[in-house]
Amino acid sequence: MNVRRPVLGLLLGLIVLASARAGFAPETATASGAPLGLGLPGYTQTVTLPIEHAGEARSFVLHVPDGLLGPAPVVIALHGANQTAGKMRGYTRFEELADEQGFVVAFGSGVQGTWNAGGCCRPKANDMAYLDALLAHLTDPVRSRTLIDPRRVFLTGFSNGGMMALRYACERSETVAAVAAVGATVVSPCAPGSPVAVLDVHGEIDRVVPLAGGRNAAFMVDFPAVRPALKPFKALAGDVRVRVVPGVGHGWMTRETMYYDATGAVWDWLRDHPRQRS
């Protein structure tokens with residue numbers, strides 16, 4: 001029996017819908033085999049990774065917008081010291097921006113609220129391995145249920161989280177296209193092998209991580225000055241910029257609290273700096 005094309009199309013659509021509801025993600029591709037994206041409904045979930053520190057399971061919060069068609073950018077966001085992924089979700093409101101702009105966002109979770117950025121602030125946690133595992137999950141379309149654009153892998157972070165983002169960009173420069181830190185500086189040896197675009201948003205009167213460098217008694221750390229610390233990125237012809245917000249101290253700036261939208265500035269920078277094709 002011949003089946004008319006409209007009926008056949010309807011049957012195929014029902015099969016795809018049933019597969020999606022059953023948890024199976026249909027793969028779609030162009031004639032050349034390039035992925036178009038899964039286009040499944042959005043979701044937010046806590047993902048437990050196959051890695052732990054001192055018996056503590058490591059996890060992160062993943063947000064994928066509704067109806068996202070890949071390959072999509074991903075922003076890995078790291079909270080400040082003595083904070084949580086949940087707290088960063090609240091003050092950055094990245095999920096709202098991700099829904100509006102169409103990117104995936106993953107909120108990392110440090111061991112006991114801090115990150116091992118090299119010179120600060122928890123030297124025993126293997127956070128490089130943690131971020132490697134997080135990124136491996138994100139780039140697996142079966143596990144993450146979305147498609148990530150490898151040319152648009154971005155990191156951001158506040159304070160200690162920004163330091164960790166900068167460390168990861170230094171050591172995984174072949175993977176990270178761009179990084180945008182807020183209230184942070186480079187505190188680990190940095191020798192990137194590939195160009196990475198770097199933005200550092202810094203309060204003019206930041207006393208926790210001083211723009212000109214200085215001692216932080218709480219963490220017993222001597223922070224280097226921000227601009228000289230970013231020179232390794234600039235040496236490879238990377239686009240590097242320090243944006244000083246006048247009259248502002250240490251914090252993730254919002255229009256309501258500090259008259260500056262750090263979340264918007266971070267995304268604008270990352271969006272405009274995909275990895276260049278070789």
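Just so we're clear, the structure is a prediction, and the values are computed from it rather than from any experiment.

A. Inspection of the pairing of strand β4 (residues 104-108) at higher detail. Where burial is concerned, most of β4 is hidden: five out of the five residues are buried. Residue alternation in β4 divides its side chains into two sets, V104, A106 and G108 and V105 and F107, and both sets are buried. One ladder, built from four bridges, connects strand β2 (residues 56-64) with β4; its direction is antiparallel. Pairing of V61 across the sheet is with F107, part of β4. Bridge count between strand β3 (residues 72-78) and β4: four bridges; the pairing is parallel. When the bridges of β4 are listed, I76 appears paired with A106.

B. Just the sheet that holds strand β10 (residues 240-245), in detail. Pairing is mixed across the open sheet formed by eight strands, whose spatial order is β1-β2-β4-β3-β5-β6-β7-β10. Lying at the two open borders of the sheet, with one neighbouring strand each, are β1 (43-53) and β10. This sheet shows a mean twist of 20° between the axes of neighbouring strands, independent of strand direction. Relative to β4, helix α3 (residues 94-101) is tilted by about 160°, and along the sheet it contacts β1, β2, β3, β4 and β5 (148-158). Where helix α6 (residues 160-171) meets the sheet, it contacts β3, β5, β6 (178-182) and β7 (197-203), and its direction lies at approximately 145° from that of β5.

C. A look at the packing of aromatic side chains. The final tally for this structure, using the stated rule, is six aromatic pairs. A ring pair is formed by F94 and W252, whose centres lie 6.0 Å apart and whose planes are at 70°; its orientation type is edge-to-face. Here W252 lies in the loop between β10 and α9 (262-271) and F94 lies in helix α3, a separation of 158 residues in the sequence. Residue F94 shares its accessibility class with W252, and that shared class is buried. Their ring planes at 20° and their centres at 4.1 Å tell us that F103 and W267 sit as a pair that is stacked. Here F103, found in the loop between α3 and β4, pairs with W267, found in helix α9; they are 164 residues apart in sequence, far enough to count as distant. Summarising the burial analysis for this pair, F103 and W267 share the class buried. Three or more aromatic residues joined by ring pairs form one cluster here, namely Y91, F94, F158 and W252. The ring centre of Y130 lies 3.9 Å from the NZ or CZ of R58, which sits over that ring.

D. Structural context of the packing of α3 against α9. In contact at an axis separation of 11 Å, α3 and α9 are set at 45° when each is read in the N-to-C sense. With respect to α9, the axis of α3 lies oblique. For the pair α3 and α9, the sense of crossing is right-handed. Contacts from F94, L97 and Q101 in α3 reach T263, V266, W267 and R271 in α9. Looking at the contact of α3 with α9 residue by residue, the class counts come to four nonpolar, two polar and one charged.

E. Structural view of the confidence of the model for the protein chain. For the protein chain, mean pLDDT is 85; residues scoring 70 or higher make up 85% of the total. pLDDT under 50 marks residues 1-38. Its contacts with residues more than four places away, or in other chains, come to 31 contacts.

F. Spotlight on the state of the cysteines. Under the counting rule described, the total for this entry stands at two disulfides. What pairs with C120 in a disulfide is C121, and their sulfur atoms sit 1.6 Å apart. Look at C120 and you get buried, because its relative accessible area is 4%. Residue C170 pairs covalently with C190 via a disulfide, S to S 2.0 Å. Taking the sign of the torsion about the S-S bond as the criterion, the disulfide between C170 and C190, at about -90°, is left-handed. Placement of C170 in helix α6 and of C190 in the loop between β6 and β7 is noted, with a sequence separation of 20 residues between them. Classification of C170 as buried rests on a relative accessible area of 3%. Going through the protein chain in sequence order and numbering each bonded cysteine, the pairs you get are 1-2, 3-4.

G. Highlighting unusual backbone geometry. Cis peptide bonds are those with omega within 30 degrees of zero, and the linkage from C120 to C121 qualifies with 15°. Inspection of the secondary structure assignment puts C121 in the loop between β4 and α4 (127-138). Non-glycine residue R145 carries a positive phi angle of around 60°. As for its placement among the helices and strands, R145 is situated in the loop between α5 (141-144) and β5. Residue R145 is classed as partly exposed on the basis of its relative accessible area of 32%.

Quick notes on the rules
- Residues numbered from 1 in each chain as written.
- Predicted model: local features only at pLDDT ≥ 70, side-chain atom pairs only at ≥ 80, totals over all residues.
- Heavy atoms only, no water.
- Buried < 20%, exposed > 50% of the residue type's maximum accessible area, 1.4 Å probe, protein only.
- Helix = DSSP H or I, 4+ residues; strand = E, 2+ residues; numbered from the N terminus.
- Pairing = 2+ DSSP bridges.
- Axes fitted to C-alpha atoms, helices over the stretch in contact; angles between N-to-C directions.
- Contact = heavy atoms within 4.5 Å.
- Phe/Tyr/Trp six-rings, centres within 6.5 Å; stacked < 30°, edge-to-face > 60°.
- Lys NZ or Arg CZ within 6 Å of the ring centre and 35° of its normal.
- Parallel < 35°, antiparallel > 145°, perpendicular 65-115°, else oblique.
- Left-handed = near helix turned anticlockwise from the far one by under 90°.
- Nonpolar A, V, L, I, M, F, W, Y, C, P; charged D, E, K, R; others polar.
- pLDDT = per-residue confidence, 0-100.
- Disulfide = S-S within 2.5 Å.

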